[in-house]
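Here are the chains, one letter per residue:
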Amino acid sequence: MSDTSPASPAAPVVLDVWCELQCPDCRTALEDLRALRARYGDRLEVRLRHFPLEKHQHAFAAAQAAEEALTQGRGWPYVEAVLGRVAELTRAGEPFLVEVARELGLDAEEFDTALIDGRHILIVDADQAEGKAIGVTGTPTYVIGGERLDGGKSQEGLRERIEEIADRLLAAQD
């Protein structure tokens, strides 16, 4: 009996982005992430990984809110909306996180409940612990193909480096 099923598509290359939603450098990185998603489509899986920094008082709540948005099917739109308005998050805190959910048509009451009951804390804690274990010290930090790229100091040249690694990994799948 021969296998007549079509060849399975190659698994996407994974780009982990260690991010913090109150971080101005992460906001700057959005343009690069959009360009990477546009270039590679579903051949590149961009995964949000949480690394809230102590210096930003609303970062931990924002990470939990991002997880709730992911649960409700709008993770990246939510992340982009919050990062685009970092100053408002700094000023208004958790009520701002719920307001952004409402603006995006998400269940804002569920966001509020999630922030109160802490249902996503373990995910955020696990991401942060893994980040520390691999040497993440600031945000954004990228990991692709086992290589860590620190974007906290400068985004200069990082997108090109990520593209080089992604292209090499995708070519190896062919």
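Residues numbered from 1 in each chain as written. Predicted model: local features only at pLDDT ≥ 70, side-chain atom pairs only at ≥ 80, totals over all residues. Heavy atoms only, no water.

A. How the structure looks around empty space enclosed by the protein. This model, assessed by the stated rule, comprises one cavity of 30 Å³ or more. In this structure, the largest cavity spans a volume of roughly 30 Å³. When residues of the lining of the largest cavity are traced back to their parent elements, those giving at least two are β2 (44–50) and α2 (59–71). Split into classes, the residues belonging to the lining of the largest cavity amount to five nonpolar, one polar and one charged. (1 Å grid on protein atoms, 1.4 Å probe; cavity = no way out; pocket = protein on both sides within 12 Å on 5 of 7 lines; lining within 4 Å. Points joined across faces, edges and corners; volume = space filled by probe spheres on them. Helix = DSSP H or I, 4+ residues; strand = E, 2+ residues; numbered from the N terminus. Nonpolar A, V, L, I, M, F, W, Y, C, P; charged D, E, K, R; others polar.)

B. Just helix α6 (residues 108–117), in detail. Of all the positions in α6, only Ala 108, Phe 111, Ala 114 and Leu 115 are classed as buried. Angularly, the buried residues of α6 cover 115° about the axis, an arc narrow enough to put them on a single face. Of the residues in α6, the exposed ones pointing more than 90 degrees away from the buried face are Glu 109 and Ile 116. Here the buried face of α6 lies against α2, α3 (75–83) and α5 (94–103). Near the N-terminus of α6, the side chain that reaches the backbone nitrogen of Glu 109, with its oxygen 3.2 Å away, is that of Asp 107. Just downstream of α6, Gly 118 is the residue with a positive phi angle, here 70°. (Buried < 20%, exposed > 50% of the residue type's maximum accessible area, 1.4 Å probe, protein only. Arc of directions from axis to C-beta. Contact = heavy atoms within 4.5 Å. Polar contact = N/O pair within 3.5 Å; in protein donor to acceptor, adjacent residues only side chain to side chain.)

C. Main features of the packing of aromatic side chains. In the structure shown here, the tally under the stated rule is one aromatic pair. Centre to centre, the rings of Tyr 78 and Phe 111 are 5.1 Å apart; their planes meet at 40°, and the pair counts as tilted. Taken as a pair, Tyr 78 in helix α3 and Phe 111 in helix α6 lie far apart in primary sequence, 33 residues in all. Here Tyr 78 matches Phe 111 in class, with each residue buried. The lysine or arginine in question, Arg 37, covers the ring of Trp 76, its NZ or CZ lying 4.8 Å from the ring centre. (Phe/Tyr/Trp six-rings, centres within 6.5 Å; stacked < 30°, edge-to-face > 60°. Lys NZ or Arg CZ within 6 Å of the ring centre and 35° of its normal.)

D. Highlighting the side chain of Asp 32. Assignment of secondary structure puts Asp 32 in helix α1 (residues 24–40). Its relative accessible area of 15% is what places Asp 32 among the buried residues. Within the structure, the side chain of Asp 32 is placed 3.2 Å from the side chain of Arg 159, a separation counted as a polar contact. For Asp 32, the residues in contact, after removing those within four places along its chain, are Gln 155 and Arg 159.

E. Spotlight on a negative patch on the surface. Together, Glu 94, Asp 107, Glu 109 and Asp 112 give the surface a local cluster of negative charge. Locating Asp 112 in the fold gives a position in helix α6. Judged by its relative accessible area of 38%, Asp 112 is partly exposed. (Patch = residues over 30% accessible without salt bridge, like charges linked within 9 Å, V, L, I, M, F, W, Y side chains within 5 Å. Areas by Shrake-Rupley, 256 points an atom, 1.4 Å probe, with all protein chains shown as cover. Salt bridge = Lys/Arg side-chain N within 4 Å of Asp/Glu carboxyl O. Lys, Arg positive; Asp, Glu negative; His and termini not counted. Charge placed at Lys NZ, Arg CZ, Asp CG, Glu CD.)

F. Geometry of the pairing of β2. With five of its seven residues buried, β2 lies for the most part within the structure. Pairing of strand β1 (residues 13–19) with β2 involves seven bridges; the strand directions are parallel. Counted as the bridge partner of Trp 18 is Arg 49 from β2. (Pairing = 2+ DSSP bridges.)

G. Summary view of the pattern of salt bridges. Taken as a whole and assessed by the stated rule, the structure comprises 18 salt bridges. Among the salt bridges present, the one from Glu 163 reaches Arg 39, with a minimum N-O distance of 3.0 Å. Remark: Arg 39 occurs in helix α1 and Glu 163 occurs in helix α8 (residues 158–173); sequence separation between them is 124 residues. The partly exposed category is assigned to Arg 39, whose relative accessible area is 41%. Through salt bridges that share partners, Asp 16, Arg 47, Arg 49, Asp 127 and Glu 130 make up one connected network.

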